[in-house]
Amino acid sequence: MFKPISLYIGLRYTRARRSNHFISFIALVSMIGLTLGVAVLITVLSVMNGFDRELKNRVLGMIPQATVSSTQILTDWPELAKKVEQHEHVKGIAPFTQLQGMLTAQGQVAGIMVTGIEPEYEKKVSIIQNHMIAGSIDSLKKGEFGIVLGKQMTDSLGLGLNDNITLVLPEATPSPAGVVPRFKRFKIVGIFSIGAEVDSMMGYIALNDASTLLRLPDGAQGVRLKLDDIFLAPEVADDIVKDLPSNFYASNWTFTHGNLFSAIQMEKAMVSLLLFLIVLVAVFNIVSSLVMVVSDKKSDIAILRTLGASPATITRIFMVQGTIIGVIGTVSGAILGIIFASSISGLIGWLNTAFGLNLFDAYFINYLPSYLRWQDVVVIVSLSLVLSFLATIYPALRAAKTQPAEALRYE
């Protein structure tokens, strides 16, 4: 089968055993470095993408993406919902009333943010119904004083479904015995598990029960919005409020979790840059190894030139050799990176459980997420291959400039 002479000789140089073992060692190191750099870059980017995805899907699936609230209780909130729902980016509306308090049971106390909801509306804007592990939010009915809590909260208090719990409000009530805090007994009618910090800080009760606790007319403090693009939340909320009376105001998720999202994006960029330096070091090793190969093969180059090989042919021979190193290193790294990215969540989770390391206590989720984006793999592999190819140009041009007479003078 016909092969171009430059490809044939380049492949033969790649497979041949060199008399100078140091050159072979440098070539091997550059290949291994490229493999590790690509693999680690793919793995770490997958983990950062996983944190990014979990923040969007889990945390932002539970907390309001945007809200429109009033300084007065909205007894006619359905009218507001109809008006807000006309906005092109709004995909769901749900009324809410929020109150802060403490839960107490069996001598344990925990702070909580309680939200009064209408279950049929809440399903349109929240992912809670997809993460119920016991009971249902449909059990939240007016006057029955049921409550839905996160698994982390119920576990910390040692409670389960259908157990009773006391909600203590910060508002004090005068009595013959003095000023005492207001409290109300609730029954746990549902338990959800998101796998994030919201499991230990949020609870849900019926909307009308929230109004009763706050001694307000039946209604809502505002409406919660679900948008087709969470990054449009600030603009959409402000756009809606500007057409409403002055007693309405807007809020969005960037006020509560915007810093966290920005930190993830910044960390992703900086880590990617640092890991990319590993790839660059491996590329420089390719340059070094090829320069030494050119010096080692001066006599071969001179003989090829005397046999009629053109400078372009010599250039292609060494470009083939360097490119082979880059292709093998890049492909091997991509395969390892895909394997690591696909299995790292289970592996780290097993280590965390087996050795009780508590690795994720400081994070907003309780496990290591990984989300492999194929476009990232394509970009990393393409960039690595391009850099590997560019690294071959200087040594190959240097080889082409070898003068046969000078190279063979002392042979």
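First things first, this report covers the structure right here in the doc. Note that residues are indexed from 1 along each chain, following the sequence as it is written. Totals for whole chains, interfaces and linings use every residue, but because this is a predicted model, local features are given only for residues with pLDDT of at least 70 and side-chain atom pairs only at 80 or more, for both listing and counting. Neither water nor hydrogens contribute to the side-chain values; these are computed over all heavy atoms in the structure.

Focus on the overall build of the protein chain
Let me state the cut-off plainly: A run of DSSP states H or I qualifies as a helix once it reaches four residues; a run of E qualifies as a strand once it reaches two. Both are numbered from the N-terminal end. Exposure was quantified through the Shrake-Rupley algorithm and a 1.4 Å probe, taking into account, for residues, occlusion by the shown protein chains and nothing else.
Counting its secondary structure elements, the protein chain contains 13 helices and 10 strands. Carbon and sulfur atoms provide 60% of the accessible area of the protein chain, an area that totals close to 20,600 Å².

Considerations on the pattern of salt bridges
Here is the rule we go by: A pair is scored as a salt bridge if a Lys or Arg side-chain nitrogen falls within 4 Å of a carboxyl oxygen belonging to Asp or Glu. Accessible area is worked out with a 1.4 Å probe on protein chains only. A residue is then buried under 20% of its type maximum, exposed over 50%, and partly exposed in between.
Inspection of the entire model under this criterion finds five salt bridges. Notably, a salt bridge pairs K123 with D138, separated by 2.9 Å at the nearest N-O pair. You can see K123 sitting in helix α4 (residues 119-125) and its partner D138 sitting in the loop between β4 (132-135) and β5 (146-150), a full 15 residues away along the chain. K123 gets classed as partly exposed once you look at its relative accessible area, which sits at 33%. According to the relative accessible area criterion, D138 is partly exposed, its value standing at 39%.

Some remarks on the packing of aromatic side chains
Cut-off, in case you're wondering: Working definition: rings of Phe, Tyr and Trp (its six-membered ring) pair if their centres are within 6.5 Å, and the pair is stacked with planes under 30 degrees apart, edge-to-face with planes over 60 apart, and tilted otherwise. A ring is considered to have a charge above it if a Lys NZ or an Arg CZ atom is located within 6 Å of its centre and within 35 degrees of its normal.
Taken as a whole and judged by the stated rule, the model has four aromatic pairs. Ring centres of F145 and F186 lie 5.7 Å apart, and the angle between their planes is 75°; this geometry places the pair in the edge-to-face category. In this pair, F145 is assigned in the loop between β4 and β5 and F186 in strand β7 (residues 178-192), connecting sequence segments 41 residues apart. Of the two residues examined, F145 and F186, each falls in the buried class. Plain terms: the ring middles of F231 and W253 are 6.2 Å apart, the flat faces sit at 75° to each other, and that makes the pair edge-to-face. Linking F231 in the loop between β9 (220-227) and α7 (233-241) with W253 in the loop between β10 (248-252) and α8 (254-296), this pair joins segments that are 22 residues apart in sequence. Take W253: its relative accessible area is 3%, and that puts it in the buried class. Between the NZ or CZ atom of K184 and the centre of the ring of F145, over which it lies, the distance is 4.2 Å.

Notes on the environment of S6
The cut-off we apply is this: Between two residues, a contact is recorded if the distance between any of their heavy atoms is within 4.5 Å.
Inspection of the secondary structure puts S6 in helix α1 (residues 5-15). Its relative accessible area of 6% is what places S6 among the buried residues. Those residues within four positions of S6 in sequence are excluded, and the remaining contacts are T313, R316, I317 and V320.

Section: unusual backbone geometry
The backbone of Q106 shows a phi angle near 55°, a positive value even though the residue is not glycine. Look at N162: it is not a glycine, yet its phi comes out positive at around 75°. With respect to the helices and strands, N162 occurs in the loop between α5 (151-157) and β6 (164-175).

Some thoughts on the pairing of strand β2 (residues 90-105)
In plain terms, the rule: When DSSP finds two or more bridges between two strands, those strands count as paired.
Pairing geometry for β2 and β9, over six bridges, is antiparallel. Bridge pairing in β9 links P95 to V223. Sheet analysis places β2 next to strand β3 (residues 108-117), joined by 10 bridges and oriented antiparallel. By the bridge assignment for β3, M102 is matched with G111. Between β2 and β3, which pair antiparallel and follow one another directly, the connecting turn spans two residues, one of which, Q106, has a positive phi of 55°.

Let's talk about helix α11 (residues 374-391)
For the record, the criterion: Working rule for helices: expected span equals 1.5 Å times residues minus one. The arc under discussion is defined with respect to the helix axis, by the directions toward the C-beta atoms.
Relative to the 26 Å expected for 18 residues at 1.5 Å per residue, α11 spans 26 Å between its end C-alpha atoms, a close match to the ideal helical length. When α11 is considered as a whole, its buried residues turn out to be D376, V377, I380, V381, S384, L387, S388 and A391. Buried residues of α11, seen end-on, are gathered within an arc of 135° and therefore sit on one face of the element. In α11, the exposed positions angled more than 90 degrees off the buried face are occupied by W374, V378 and V379.

A short note on the packing of α8 against helix α12 (residues 393-400)
Which entries qualify depends on this criterion: Fitting a line to C-alpha atoms yields each axis, with helices limited to the stretch in contact; the angle taken between N-to-C directions then spans 0 to 180 degrees. Any angle between 65 and 115 degrees counts as roughly perpendicular, while under 35 counts as roughly parallel, over 145 as roughly antiparallel, and the rest as oblique. The hand of a helix crossing depends on one turn: near helix anticlockwise from the far one by less than a right angle means left-handed, and clockwise means right-handed. Here the term charged refers only to Asp, Glu, Lys and Arg, the term nonpolar to Ala, Val, Leu, Ile, Met, Phe, Trp, Tyr, Cys and Pro, and the term polar to all other amino acids, Gly among them.
Contact pair α8 / α12: the axes reach a minimum separation of 8 Å and the direction vectors enclose 10°. It follows from the interaxial angle that α8 and α12 lie roughly parallel. Regarding α8 and α12, the two cross each other, and that crossing is right-handed. Across the interface between the two elements, V287, L290, V291, V294 and S295 from α8 touch Y394, P395, R398 and A399 from α12. Tallied by class, residues from the contact of α8 with α12 come to seven nonpolar, one polar and one charged.

Focus: the packing of α8 against α11
In helix packing, the relevant descriptors are the interaxial angle and the interaxial distance, both defined with respect to the helix axes. With their axes 9 Å apart at the nearest point, α8 and α11 run at an angle of 25° to one another. By the criterion of interaxial angle, the relationship of α8 to α11 is roughly parallel. Considering only the axes of α8 and α11, their crossing is right-handed. Mapping the contact onto sequence places F276, V279, L280, V283, I286, V287 and L290 in α8 and L383, S384, L387, S388 and A391 in α11. Taken together, the residues of the contact of α8 with α11 sort by class into 10 nonpolar, two polar and no charged.

Describing the environment of A66
Inspection of the secondary structure puts A66 in strand β1 (residues 66-74). Under the relative-accessibility criterion, A66 is labelled buried at 0%. Apart from residues lying up to four places away in sequence, A66 is in contact with V223, R224, L225, L227, A233, A237, S251 and N252.

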